[in-house]
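Take a look at the letters that make up each chain.
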Amino acid sequence: MGTFDEVYDRSMADPEGFWGEAAGAIHWDTPPERVLDDSNPPFYRWFRGGRLNTCFNALDRWVDGGDGVDEVRADQPALIHDSPVTGTVTTYTYRELRDLVARFAGALADLGVGVGDRVVVYMPMVPEAAVAMLACARLGAVHSVVFGGFAPHELAIRIDDARPKVIVSASCGIEGSKVIEYKPLLDRALDLAGSSAPEHCVILQRPQAEATLLEGRDHAWADLVAAAEPHPCVPVEATDPLYVLYTSGTTGKPKGVVRDNGGHAVALRWSMANVYGVAPGEVFWAASDVGWVVGHSYIVYAPLLSGCTTVMYEGKPVGTPDPGAFWRVAAQHDVSVLFTAPTALRAIKKEDAGGAHLAGHDLSGLRALFLAGERTDPDTYEWAVELLGIPVIDHWWQTETGWAVAANCLGIEALPVKAGSPTRPVPGYRVEILDELGAEVEPGRDGSIAVRLPLPPGSLPTLWNDDKRFVSSYLSTYEGYYLTGDGGRVDDDGYLFVMGRIDDVINVAGHRLSTGAMEEVLATHPAVAECAVIGVADELKGQMPLGLVVLKNGVEVDDEALEKELVQLVRDEIGAVASFKRAVVVARLPKTRSGKVLRATMRAIADGRDFAVPSTIDDPAVLDEIGAALDHA
Ligand code: COA
Ligand code: AMP
């Protein structure tokens with residue numbers, strides 16, 4: 001195959017040849033007419049003219065065989081659901097999963113779902129979540145999974161934008177030792193969504209808390225499936241949407257990232273072999289949630305497109321029941337490659353720094369640990385390497401890209417690791433560090449991380465129903481480039497160092513959240529005149545949100561009582577996952593003379609870092625006031 005440099009250089013010199021060849025690993029009902037359609041920049045489309053079905057590629061071809069299939073895998077486990085919170089482990093072979101998906105696709109079709117219709121999936125980590133996603137893919141429908149930790153308001157915003165024909169949900173989720181009833185949250189979201197609410201909901205009843213179903217609107221999963229016939233795969237255009245996944249932007253309105261069928265299948269299949277070095281038949285475990293992009297790409301699609309066994313874990317790194325949970329799962333299912341977020345490792349390290357819980361678990365089959373979701377700090381990296389004695393690979397990507405932008409591509413050539421760096425840009429991505437004017441900066445200098453267009457297959461072609469926002473959010477800052485929103489640098493060896501977001505997005509326990517959305521919620525409190533939310537450094541979660549609020553003139557409130565109300569407000573409106581726990585009352589917010597709130601400066605104060613007083617500041621004395629208020633709080 002060649003060295004990493006050779007493969008990378010070829011992807012840059014001849015993208016059409018490179019990705020055209022990769023497309024050979026996918027079954028096409030009609031082969032693409034063009035590999036890259038660049039006739040309408042900045043909108044690029046991959047594999048135009050091709051027709052395929054993603055579910056066929058993920059399931060049926062492994063059951064029935066066909067072109068490009070090395071061996072039939074009908075009786076090989078496709079999905080292992082490991083759920084310490086319910087005390088169950090359930091394995092589905094490729095044949096069993098295909099049959100379940102085909103039947104659920106039939107059930108959705110009976111409710112009127114067809115090509116291009118949206119289906120919102122609001123579910124905990126149960127196999128039926130993957131079944132629902134794959135059933136949509138089978139029908140050519142577009143799924144939009146909403147993370148279970150989001151509150152009704154956030155769910156309603158997504159329903160309103162996606163306008164689904166059906167919502168698939170469950171009666172409850174289990175978070176550690178808590179049973180969380182989903183149905184009241186769904187009902188509230190449907191009320192909020194008003195006329196955007198669909199006619200039908202499918203509810204998976206779980207014994208931990210059964211839901212009351214609304215006559216006419218709600219259908220029990222089991223009843224529908226029992227009455228349904230299996231539905232065949234419906235081929236769609238390569239450029240047709242497979243899913244929409246909403247992600248936090250800088251405002252309260254999330255961005256609906258669109259993923260197409262063709263580019264996605266090609267890129268994910270390629271990434272399993274080349275980024276992760278995983279072969280068909282091996283077991284891959286992404287310890288994430290189907291509500292995030294990691295769950296879409298590496299719990300559901302990539303492992304199945306590659307004929308692997310995927311592990312779906314309904315539990316936490318600690319507390320279900322102990323910090324040995326990950327090692328138990330990896331050993332029990334003979335996992336070859338594990339993918340998780342650094343925050344999960346920090347949670348394990350906090351409870352079991354010496355690795356006592358590793359004892360008794362045979363991890364000899366585990367070849368590598370991949371980390372993403374936030375930067376892997378060198379301490380966590382060193383700890384994991386020492387504990388596990390295998391390559392620990394930080395890799396960097398985003399909901400928008402759908403797969404790694406920078407990584408150590410173990411399937412091509414393992415490069416030396418530099419702690420704190422996700423290694424080098426992956427084949428397909430031309431990453432550059434730009435200054436404010438769009439000029440490339442020297443190695444070693446910090447700047448804005450941008451990717452030269454066209455982005456490779458699998459990355460977003462646009463935002464749902466909003467080409468304009470796609471261009472204004474990502475493509476208009478630097479012409480000819482995609483703006484990642486992250487800042488960082490490249491060193492003399494071409495290694496990338498991603499240092500964090502340079503916009504109003506924060507990462508809390510590997511979860512991407514918008515400070516702008518939290519500010520919008522705080523501003524609705526009657527006592528609040530003005531506010532800012534910043535992400536402050538946190539040992540466990542990487543970052544935690546902190547609210548700074550200015551009261552309306554003449555308002556007298558008890559600061560502690562106000563904080564409690566604001567915390568509850570964010571929990572109710574955005575969800576527990578926001579982890580919003582602190583709000584501090586300040587007299588004024590520091591601003592530039594043109595009125596822009598100096599969030600980065602406040603972040604430096606809160607983190608106790610050195611900072612330069614911005615030359616544009618209106619009144620430098622405000623910074624001392626903020627420092628004093630934070631010390632006092
Ligand atoms: N449904 C409902 N509530 C949820 C939820 C879900 N799917 N996921 C999280 N929550 C709730 C939690 O119960 C918690 O509620 P609480 O405030 O009542 O305790 C809150 O949201 C915050 O959750 P989290 O930030 O996950 O904190 P935690 O203390 O429960 O767990 C970690 C901390 C580090 C163990 C956990 O965040 C983790 O495993 N992170 C890995 C992140 C990850 O997989 N990211 C995906 C990208 S790779
Ligand atoms: P999400 O879209 O939820 O996957 O979040 C993407 C964001 O998470 C990126 O823009 C980064 O800010 C951050 N991120 C993800 N992986 C890494 C990493 N390996 N190093 C640094 N930041 C990361």
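Each remark here, short or long, concerns the structure printed above.
Cut-offs used in this document
All residue numbers refer to position in the chain's written sequence, counted from 1. Each chain takes a letter, starting from A, and each ligand takes a number, starting from 1, following the order in which they are written. Thresholds applied to this predicted model are a pLDDT of at least 70 for local features of residues and 80 or more for the giving and counting of side-chain atom pairs; totals over whole chains, interfaces and linings are not thresholded and use all residues. Calculated side-chain values reflect all of the structure's heavy atoms, with hydrogen atoms and water omitted. Going along the chain from the N terminus, every DSSP run of H or I of four or more residues is numbered as a helix, and every run of E of two or more is numbered as a strand. Every radius of gyration here is taken over C-alpha atoms, with the globule rule written as 2.2 Å times N^0.38, N being the number of residues. For every residue, the accessible area obtained with a 1.4 Å probe (protein chains only) is divided by the maximum for its type, and the residue is called buried under 20%, exposed over 50%, and partly exposed between those limits. Every angle, taken between N-to-C directions, lies between 0 and 180 degrees, and every axis is a line fitted to C-alpha atoms, over only the stretch in contact when it is a helix. Any angle from 65 to 115 degrees is called roughly perpendicular, while one under 35 is roughly parallel, one over 145 is roughly antiparallel, and all others are oblique. Here a crossing is called left-handed whenever its near helix is offset anticlockwise from the far helix by less than a right angle, and right-handed whenever the offset is clockwise. Contacts are assigned to residue pairs with any non-hydrogen atoms lying within 4.5 Å of each other. Polar here means any residue other than Ala, Val, Leu, Ile, Met, Phe, Trp, Tyr, Cys and Pro, which are nonpolar, and Asp, Glu, Lys and Arg, which are charged; Gly is therefore polar. Under the pairing criterion, centres of Phe, Tyr and Trp rings, with the six-membered ring standing for Trp, must be within 6.5 Å; the plane angle then separates stacked pairs below 30 degrees from edge-to-face pairs above 60, leaving the rest tilted. Consider the ring centre and the ring normal. A charge sits over the ring if Lys NZ or Arg CZ is within 6 Å of that centre and within 35 degrees of that normal. We define a polar contact as two N or O atoms separated by no more than 3.5 Å, with the added condition that, inside protein, one atom must be a possible hydrogen donor and the other a possible acceptor, whereas residues neighbouring each other in sequence contribute only through side-chain atom pairs. Note on definitions: salt bridges are taken to be side-chain nitrogens of Lys or Arg within 4 Å of carboxyl oxygens of Asp or Glu.

(A) Summary view of the overall build of the protein. Summing up its helical and strand segments, the protein has 18 helices and 31 strands in all. In terms of overall dimensions, the protein is globule-like: its C-alpha atoms have a radius of gyration of 24 Å, near the 26 Å expected for 633 residues. Reported as C-alpha extents along the three principal axes, the dimensions of the protein are approximately 70 × 60 × 55 Å. In the protein, which comprises 633 residues, the share counted as buried stands at 60%.

(B) Structural context of the packing of helix α5 (residues 127-139) against helix α10 (residues 293-305). Interhelical geometry of α5 versus α10 gives an angle of 55 degrees and a closest axis separation of 11 Å. Taken as axis vectors, α5 and α10 run oblique relative to one another. Viewed along their axes, α5 and α10 form a crossing whose handedness is right-handed. Across from Ala130, Met133, Leu134 and Ala137 in α5, the residues of α10 making contact are His296, Val300, Tyr301 and Leu304. Counted by class, the contact of α5 with α10 contains 7 nonpolar, 1 polar and no charged residues.

(C) Structural context of the pairing of strand β15 (residues 255-260). A large share of β15 lies buried, amounting to 6 of its 6 residues. Every second residue of β15 is oriented toward a common face, with Lys255, Val257 and Arg259 on one face and Gly256, Val258 and Asp260 on the other, all of them buried.

(D) Layout of the packing of aromatic side chains. The tally for this structure, following the rule as stated, stands at 29 aromatic pairs. Between Phe147 and Trp292, the ring centres sit 4.4 Å apart and the planes meet at 35 degrees, which makes this aromatic pair tilted. Of this pair, Phe147 sits in the loop between β7 (142-145) and α6 (152-162) while Trp292 sits in the loop between β16 (283-286) and α10, and the two are 145 residues apart along the sequence. Classification of Trp292 as buried rests on a relative accessible area of 14%. Aromatic rings pair up to connect Tyr276, Phe284, Tyr298, Phe339, Phe370 and Trp397 into one cluster. Geometry around Phe150 places Arg158 over its ring, the cationic atom sitting 4.5 Å from the centre. Across the ring face of Tyr495, the terminal group of Lys418 is positioned such that the distance to the ring centre comes to 4.6 Å.

(E) Broad picture of α6. Three or more residues of α6 are buried, namely Pro152, Glu154, Leu155, Ala156, Arg158, Ile159 and Ala162. Where α6 terminates, the next one or two residues include Arg163, which has phi positive at roughly 50 degrees.

(F) Structural detail: the side chain of His81. When you line up the elements, His81 lands in strand β4 (residues 77-83). Using a relative accessible area of 4% as the deciding quantity, one classes His81 as buried. Within the structure, His81 has its side chain in polar contact with the backbone oxygen of Met125 (distance 2.7 Å). When neighbours within four sequence positions are excluded, His81 is seen to be in contact with Thr88, Val89, Thr90, Met125, Val126, Pro127, Met312 and Glu314.

(G) Here's a closer look at the pattern of salt bridges. Following the criterion strictly, the structure yields 39 salt bridges and no others. A salt bridge links Arg73 to Glu71; the shortest N-O distance between them is 3.9 Å. Glu519 is the partner of Arg599 in a salt bridge, and the nearest nitrogen-oxygen pair spans 2.9 Å. Of this pair, Arg599 sits in helix α17 (residues 599-607) while Glu519 sits in helix α15 (residues 515-522), placing them 80 residues apart in sequence. A relative accessible area of 18% means that Arg599 is categorised as buried.

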